[in-house]
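What the coordinates show
Letter by letter, the chains look like this.
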Amino acid sequence: MRIVLLGAPGAGKGTLARDLVELFSVPHISTGDMFREAVASGSELGKQVQHILSSGALVPDEIVNRLVRDRISKPDCKDGFILDGYPRTVQQASALDEMLKNMGHKLDAVLYLKVSEDVVVKRLTNRRVCPKCGKIYNLLSMPPKKDEICDDCGTKLVQRDDDKEDVVRNRFRVYTETTAPLINYYKERGILVEIDAEADHRNTVQKAVEALKKVIA
Ligand code: AMP
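Below or above, wherever it landed, is the structure these notes cover. (Residues numbered from 1 in each chain as written. Predicted model: local features only at pLDDT ≥ 70, side-chain atom pairs only at ≥ 80, totals over all residues. Heavy atoms only, no water.)

Thoughts on the side chain of N138
Stated formally: Numbering of helices and strands runs from the N terminus, with a helix taken as a DSSP run of H or I at least four residues long and a strand as a DSSP run of E at least two residues long. Burial classification: accessible surface area is computed with a 1.4 Å probe over protein chains only, and a residue below 20% of its type maximum counts as buried, one above 50% as exposed, and the rest as partly exposed. Every residue pair with non-hydrogen atoms within 4.5 Å of one another is taken to be in contact.
Mapped onto the elements, N138 comes out in strand 6 (residues 136–138). Residue class for N138 comes out buried when judged on its relative accessible area of 10%. Contacts of N138, omitting those with residues within four sequence positions, involve R123, N126, R127 and P143.

This is the structure in structure tokens:
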């Protein structure tokens, strides 16, 4: 099963991916997570992309394409993967088509999680993450039991730099201008499945699973 999760930052792609990984047993590939890990480790790549990430702009296509090509060539991706946050430009989408063609594969579906800017701003500015174990909270909809402390490991939660309101609005603008054209790109190819992601998360998961069962049947 080779699928892409498409949608604005804050649409819930990462959360949905974690549910789908358990159900379908294919790896979750998040380019955002890969870049954040590179920054945290202080690697050459991390140094190159650090400022780009904290401004909410996009990392150049060649860098992202190379990272994804290497990752999907790994043995754990032989039966498929869930791409989250990639592709984000039409150039990346056609690079992905080319990579898959060379490997004798194609995408099965693109799940498009639809949300408005207001919902995105509310969700992301209230998001907090545990810097130690990676658990994600939302101060409004999924708060920790104790004030801004991780339930699982007791570490003080932090806000990602790019979840501050001005950066969130910039990320949404970048999404609208550069990534939203992919909705039509995949609609034209007949593989787009649109899901209302403003409703309850369980509903999003259910819709996604129904759609995937049809495409992989
Ligand atoms: P995310 O967690 O998916 O919102 O990604 C965080 C940041 O990583 C983005 O704001 C970009 O700076 C960078 N990034 C992640 N994926 C891509 C991509 N496919 N193309 C360009 N930049 C990306």
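Structural notes on the pattern of salt bridges
Defined as follows: One side-chain nitrogen of Lys or Arg within 4 Å of one carboxyl oxygen of Asp or Glu is enough to make a salt bridge.
Considering all chains together, one arrives at 17 salt bridges under this definition. A salt bridge links D163 to R171, with the shortest nitrogen-to-oxygen separation between them at 3.2 Å. Here D163 matches R171 in class, with each residue buried. Across the pair E165 and R169 runs a salt bridge, and its minimum N-O distance is 3.1 Å. Taken as a pair, E165 and R169 lie in helix 7 (residues 165–179) at a separation of 4 residues, close to a single helical turn. E165 gets classed as partly exposed once you look at its relative accessible area, which sits at 42%. Judged by relative accessible area, R169 falls into the partly exposed class, the value being 34%.

Shape is all these values report; function is a separate question.
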